[in-house]
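# Understanding the architecture of this molecule
Okay, here's what each chain looks like letter by letter:
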Amino acid sequence: MTLVVAALFYDRLLMQSDSRLTTYRQGETHLVTDHAQKIFYLAKSHLLLATSGQYQLNWHGHAATFRELTVWLAYQKRLKTLPQMQAGLVDLVAQTPLADNQFLLGGFIGQQAYLSRYDHGWQTITGASTRYETTYIGQGQQLSPAGRAAQPPAAALLTHQLTTTIVNQSRTQSVPTVGGPLQRWCLTAEQVTHLPVI
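No experiment lies behind these values; they were computed from the predicted model shown.

Procedures and definitions
Residues numbered from 1 in each chain as written. Predicted model: local features only at pLDDT ≥ 70, side-chain atom pairs only at ≥ 80, totals over all residues. Heavy atoms only, no water. Helix = DSSP H or I, 4+ residues; strand = E, 2+ residues; numbered from the N terminus. Buried < 20%, exposed > 50% of the residue type's maximum accessible area, 1.4 Å probe, protein only. Contact = heavy atoms within 4.5 Å. Areas by Shrake-Rupley, 256 points an atom, 1.4 Å probe, with all protein chains shown as cover. Pairing = 2+ DSSP bridges. Phe/Tyr/Trp six-rings, centres within 6.5 Å; stacked < 30°, edge-to-face > 60°. Lys NZ or Arg CZ within 6 Å of the ring centre and 35° of its normal. Expected span 1.5 Å × (residues − 1). pLDDT = per-residue confidence, 0-100. Arc of directions from axis to C-beta. Salt bridge = Lys/Arg side-chain N within 4 Å of Asp/Glu carboxyl O.

## With respect to the overall build of the chain
The helix and strand inventory of the chain stands at three helices and 14 strands. A total of 198 residues make up the chain; the buried ones form 47% of that total. Long-range pairs, those at least 24 residues apart, make up 58% of the contacts in the chain with a sequence separation of at least 6. Accessible surface, the chain: about 10,000 Å² in total, of which carbon and sulfur atoms supply 51%.

Right under this line is the structure:
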């Protein structure tokens, strides 16, 4: 399972996730890797895309990872805008066994940041100038609360929530379904920054 959280401001988007990939066979959870990429920067479109759900799948008779599908989606289809990418993902879901996947897709229209969440349909939120909005996909119901301390900057808050959730799950499950290094990205209208992995 996956946990991806995002914070949306008017002028930037922060997205963070775990890196664990597990599979469920014969009634048991098995660790596949702690280094699965779950957040993708689509350079031609200047978008961030994250997924939760199926990662390895059979597509047109060939084994493919979600990363390979994002490359196909972004480059072969030449989808450049946020609405075009939303439509492209809906088409991709219809052609592959991704019906139960969730997606976060963030980008800009002009200088305004947008974040869309897909769970059997798109919901879009817009960044506000005075506060930020957060959303998640995957195991968000297990996301540890931020606590009652003074609210830290959004990047630190997301990192704290993810880290705490991973630690709590490692105490209660023999094979936790979230884990591995955190992937952290920041997108502005002008640039993308891959923050240090922790």
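## Quick word on the pairing of strand β13 (residues 183-188)
The element β13 is extensively covered by neighbouring structure, given that six of its six residues are classed as buried. The pairing of strand β2 (residues 12-17) with β13 spans six bridges and is antiparallel. Within β13, the residue paired with Leu14 across the bridge is Cys186.

## Here we look at the pairing of strand β6 (residues 47-52)
Of all six residues making up β6, six are buried, and the element is well covered by its neighbours. Taking every second residue as pointing to the same face, both faces of β6 are buried, with Leu47, Leu49 and Thr51 on one and Leu48, Ala50 and Ser52 on the other. From the end of strand β5 (residues 39-42) to the start of β6, which pair antiparallel, there are four residues, and His46 there has a positive phi angle of about 55°. The pairing of β6 with strand β9 (residues 102-109) spans five bridges and is antiparallel.

## Quick look at the packing of aromatic side chains
Counted under the stated rule, the structure contains three aromatic pairs. When the centroid spacing of 6.5 Å and the interplanar angle of 25° are considered together, the rings of Tyr41 and Trp185 count as stacked. Of this pair, Tyr41 sits in strand β5 while Trp185 is found in strand β13, placing the two residues 144 residues apart along the sequence. An aromatic cluster is present here, built from Phe103, Tyr118 and Trp122 joined pairwise through their rings. Directly above the ring of Phe9 sits Arg12, whose terminal nitrogen or CZ lies 3.9 Å from the centroid.

## Some details on unusual backbone geometry
Positive phi, normally seen in glycine, also occurs at Gln26, with a value near 50°. Mapped onto the secondary structure, Gln26 falls in the loop between β3 (21-25) and β4 (28-33).

## Looking at helix α3 (residues 154-172)
Over its 19 residues, α3 extends 27 Å from the first C-alpha to the last, a length consistent with the 27 Å expected when each residue adds 1.5 Å. Residues of α3 that are buried in the fold lie against β1 (3-8), β2 and β13.

## Let's talk about the confidence of the model for the chain
On average, residues of the chain carry a pLDDT of 76, and 72% of them reach 70 or more. Confidence drops under a pLDDT of 50 for residues 146-152, and excluding neighbours within four residues, the segment shows seven contacts in the predicted structure.

## Considering helix α2 (residues 82-95)
The end-to-end C-alpha distance of α2, which contains 14 residues, comes to 20 Å, matching closely the 20 Å that a straight helix rising 1.5 Å per residue would cover. The set of residues buried in α2 consists of Leu82, Met85, Gln86, Gly88, Leu89, Leu92 and Val93. Seen along its axis, α2 keeps its buried residues to an arc of 165°; they face one direction.

## Quick word on the pattern of salt bridges
Under the definition given, this model contains three salt bridges. Across the salt bridge formed by Arg12 and Asp11, the nearest N and O atoms sit 3.2 Å from each other. One salt bridge connects Arg20 with Asp34, and the closest N-O pair in it is separated by 2.6 Å. Residue Arg20 is located in the loop between β2 and β3, and its partner Asp34 is located in the loop between β4 and β5; the two are separated by 14 residues in the primary sequence. Note on Arg20: relative accessible area 12%, which makes it buried.

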